[in-house]
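# Structural characterization, general
Chain by chain, the residues:
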Amino acid sequence: MALASTKFKDLDFFNQSLESGYKLLPFNFIKLDDSRYVITNIAGEYLVITKEDLYAVANKQLCPGSPVYNTLKSKHFIYDDDSSVALELLALKYRTKMAPLANFTGLHLFVTTLRCDHSCPYCQVSRQSEDKAAFDMTPEIADKAIDFTFQSPSNEIKIEFQGGESLLNFEMVKYVVEEATKRNQTENRDLQFVIATNLSPLTDGMLDFCLKYDILISTSLDGPEELHNGNRPRPGKDSYEKVMTGMQKVRELLGPDKLGALMTTTKDSLTQAKPIIDEYVEQGFSSIFLRPLSPYGFAIKTKSFDAYQTEEWLKFYKEGLDYIIELNKQGLYFIEDYTALILNKMLTPFGTTYVDLQSPSGMAISAIVFNYDGDIYASDESRMLAEMGEKRFRLGNLLQDTYEGVMLSDALLGPLEATITESMPMCNDCGFQNYCGSDPVYHYATQGDIIGNKAFSGFCKKNMTIMRHLIKLLEDDPEARDVLLSWVRV
Amino acid sequence: MTKESTTPLVKNDDGSLIILFPKSVYSLDAVKKASYKFTDSCSFLINEQNTAYEVLCKPTADIPSKALDELVNSFCNEVLDQDLRERIASETHAVRSLILAQAFSKTSLLEG
């Protein structure tokens, strides 16, 4: 019985706690619909409560011991004399959420060439050129990029080859993989390679090399044949055929788990959510990333275009997500990746390394880009913006600048400081601040300002709409909730 | 200072609105933050009177009367919400600092 008495305090103890009242813990809130609010604590745990309860809790009118009181207390929105460990638990959860920051840069993108056999209208960077000298990475630049990469303190180093079409300079891919692997014999990092490729130049020799070094392949698949070929023109109009042949070879020689695919949403995609998802299912993928339209190009010229695009994309996303949830209900385990990223932020204490959903932004501190010419960019989008003449996010050049010079430059530290959502106007007290992030390149491209006015921001509108939608599904649709919870990894 | 208005909501002929927020009830920050949030639909001019903040709100596009009423309702509710946020932030400021200090005190995030 002595054990029981230490586990359970007597009734007087609790009565004393109730009499002394409760105190608030830090929390934000946001309207969910006409009658409900989402409240989120400092660690990102959320509750949905009525407006009346929200005002009651803040005005200290909650009845101690009532169900809403107990729920708020157990979720760390309020505390009383009986819950002194609340602060330590919150601190622990907050620290867990922030932990990825300490890991620093993990993803390093090597642009081996800008040359490409495709001429996709949404790509700002590729060149239709046979001139290797003009647009290919040289060994000298690659050596500098490898040096730079291993100066990252991260234990997990991922090198991803990008283009143009990265395999058009396969010699450079080989060089970097061999040199980095050699270097890693003394560094002992968790080193991983990914080749982003449209698969058209793929040969058996390349696949043998990939097998030897356990290289992952990430390809582009925009949807069914007609849509894919329309989005991704190449001589012969056979991009889809090439990617199908390539995917089959990759799966046969490297294994199905070594292949991933990404889609880009174009204007033509917006009415084809189901066919695009069906294509991914048919090709054996277990997930799809319904990526939003990039603002580069049109949006720089007109803000209204950006807002219009966001509305259309959200309709596309919701239609796609509804369909994917239906597929899951029928027994097919299939994930929408962006949704899964957000759900993991909402429902677990773990942070993310997804650049756009971090505070501060993950530019350079999560992912960094080494261009073919040695220029260093804060993100792939920064590189695209630079190709359109705006080099605001160029951090330096591998041949001229040191690691310390780049990582401590005003060009990087300025945007990083400005993208801390805890201090951004309209983000700092937003109920979704814990789940969101900031995209300085997007806001610079659309508003000419790295922070941007969120009232006009397509990025803000997109994320707020998705987060409201997901919480409504979690709260109001038990079947959808079961599906969404199965996507959360703990 | 111009003559003080007393009517809480005035609709002007040019489509603009004047809304009064009593200083004894609302803070200037709450009024400003709510206004900022609505800058996609209106432009704002905030004046300080003796007993109230006077918000001149000009819709940036023609808005039907019913939608304008809804906009005003949303704006007024947003001022209330901002006021509540301010109170929560003020009351929890010390404990927030304590939690953050505790969170970072046992992690390598602060190590040089």
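Residues numbered from 1 in each chain as written. Chains lettered and ligands numbered in written order. Predicted model: local features only at pLDDT ≥ 70, side-chain atom pairs only at ≥ 80, totals over all residues. Heavy atoms only, no water.

## Things to note about the overall build of chain A
- Assigned secondary structure in chain A consists of 21 helices and 15 strands.
- Against the globule reference of 23 Å for 490 residues, chain A gives a C-alpha radius of gyration of 25 Å, in line with a compact fold.
- Across its three principal directions, the C-alpha atoms of chain A cover 80 × 50 × 45 Å.
- Expressed as a percentage of its 490 residues, the buried residues of chain A come to 56%.
- For chain A, contacts bridging at least 24 residues in sequence account for 70% of all contacts bridging at least 6.
- Accessible surface computed for chain A: about 21,000 Å², of which carbon and sulfur atoms make up 51%.
- Of the charged side chains in chain A, 49 are positive and 69 negative, and the gap between their average positions amounts to 2 Å. (Helix = DSSP H or I, 4+ residues; strand = E, 2+ residues; numbered from the N terminus. Rg over C-alpha atoms; globule rule 2.2 N^0.38 Å. Buried < 20%, exposed > 50% of the residue type's maximum accessible area, 1.4 Å probe, protein only. Contact = heavy atoms within 4.5 Å. Areas by Shrake-Rupley, 256 points an atom, 1.4 Å probe, with all protein chains shown as cover. Lys, Arg positive; Asp, Glu negative; His and termini not counted. Charge placed at Lys NZ, Arg CZ, Asp CG, Glu CD.)

## Points about the interface of chain B and chain A
- Taken together, the 27 residues of chain B in the interface contact 32 residues of chain A.
- Carbon and sulfur atoms supply 64% of the area that chain B and chain A bury against each other, a total of about 2,700 Å² over both sides.
- Per-residue buried area on chain B facing chain A is highest for Y36(B), R85(B) and I99(B); these three make up 22% of the total on that side.
- Taken together, the links from chain B to chain A amount to two salt bridges.
- With its nearest N and O atoms 3.6 Å apart, the salt bridge here joins K33(B) to D429(A).
- Put simply, the parts of the chain that give the side of chain B that touches chain A at least two residues each are α1 (28-37) and α2 (65-105) of chain B.
- Of the residues that constitute the side of chain B that touches chain A, the class distribution is 11 nonpolar, seven polar and nine charged. (Buried area = accessible area lost by both parts, 1.4 Å probe. Salt bridge = Lys/Arg side-chain N within 4 Å of Asp/Glu carboxyl O. Nonpolar A, V, L, I, M, F, W, Y, C, P; charged D, E, K, R; others polar.)

## As for the pattern of salt bridges
Residues and elements named next belong to chain A.
- The final tally for this structure, using the stated rule, is 25 salt bridges over all chains.
- For R115, the salt bridge identified is with D136, shortest N-O distance 2.9 Å. In this pair, R115 is assigned in the loop between β6 (107-111) and α6 (132-135) and D136 in the loop between α6 and α7 (139-150), connecting sequence segments 21 residues apart. The residues R115 and D136 share a single accessibility class, namely buried.
- A salt bridge links R383 to D380; the nearest nitrogen and oxygen atoms lie 2.9 Å apart. Of this pair, R383 and D380 both sit in helix α16 (residues 380-387), separated by three residues, roughly a single helical turn. Across this residue pair, the class does not change: R383 and D380 are buried.
- One salt-bridge network, held together by shared partners, links D147, R183, E187 and R189.

## Considerations on α7(A)
- Counted at 1.5 Å a residue, the expected span for α7(A) with its 12 residues is 16 Å, and the 16 Å between its end C-alpha atoms agrees.
- For α7(A), the complete set of buried residues consists of I141(A), A142(A), A145(A), I146(A), F148(A), T149(A) and F150(A). (Expected span 1.5 Å × (residues − 1).)

## Quick notes on the sheet that holds strand β10 (residues 259-262) of chain A
Residue and element names in this part refer to chain A.
- In space, the eight strands of this open sheet follow the order β10-β9-β8-β7-β6-β13-β14-β15, with mixed pairing throughout. Lying at the two open borders of the sheet, with one neighbouring strand each, are β10 and β15 (394-397). Averaged over all pairs of adjacent strands, the angle between their axes in this sheet comes to 25°, without regard to strand direction.
- Pairing analysis gives two bridges linking strand β13 (residues 367-370) to strand β14 (residues 375-377), with the strands arranged antiparallel. Its bridge partner lying in β14, F370 is registered against I376.
- Packing of α16 onto the sheet brings it into contact with β6, β7 (156-162), β13 and β14, and relative to β14 it is tilted by some 125°. (Pairing = 2+ DSSP bridges. Axes fitted to C-alpha atoms, helices over the stretch in contact; angles between N-to-C directions.)

## A few points about the sheet that holds strand β2 (residues 17-22) of chain B
Residue and element names in this part refer to chain B.
- On the basis of which strands lie adjacent, the open sheet formed by four strands has the order β1-β2-β4-β3 and antiparallel pairing. Looking at which strands have only one partner, the edges of the open sheet turn out to be β1 (9-11) and β3 (42-48). Across this sheet, the average inter-strand angle for adjacent strands is 15°, counted without regard to direction.
- Where β1 lies against β2, three bridges are found, and the strand directions are antiparallel. When the bridges of β2 are listed, K11 appears paired with L17.
- Lying on the sheet, α1 is in contact with β2, β3 and β4 (52-59); it crosses β3 at an angle near 165°.
- Lying on the sheet, α2 is in contact with β1, β2, β3 and β4; it crosses β2 at an angle near 25°.

## Digging into a nonpolar patch on the surface
Residue and element names in this part refer to chain A.
- Together, V85, L89 and L92 make up an exposed nonpolar region whose accessible area comes to about 250 Å².
- For L92, the location among the structural elements is in helix α5 (residues 86-103).
- A relative accessible area of 43% means that L92 is categorised as partly exposed. (Patch = residues over 30% accessible without salt bridge, like charges linked within 9 Å, V, L, I, M, F, W, Y side chains within 5 Å.)

## Quick look at the domain arrangement of chain A
- Domain assignment breaks chain A into domain 1 (27-103) and domain 2 (105-327 + 356-413).
- Of note, the centres of domain 1 of chain A and domain 2 of chain A, computed from C-alpha atoms alone, are 39 Å apart. (Domains from an automatic or database assignment.)

## Observations regarding the packing of aromatic side chains
- Tallied over the entire structure, the rule returns 23 aromatic pairs over all chains.
- Pairing F27(A) with F77(A) gives two aromatic rings, centres 5.8 Å apart and planes at 75°, and the pair type is edge-to-face. Here F27(A), found in strand β2 (residues 27-31), pairs with F77(A), found in the loop between α4 (67-74) and β5 (78-79); they are 50 residues apart in sequence, far enough to count as distant.
- Using a relative accessible area of 0% as the deciding quantity, one classes F77(A) as buried.
- An aromatic cluster is present here, built from F110(A), F148(A), F161(A), F193(A), F370(A) and Y403(A) joined pairwise through their rings.
- Above the plane of the ring of F29(A) lies R85(B), whose end atom (NZ or CZ) is 4.2 Å from the centre. (Phe/Tyr/Trp six-rings, centres within 6.5 Å; stacked < 30°, edge-to-face > 60°. Lys NZ or Arg CZ within 6 Å of the ring centre and 35° of its normal.)

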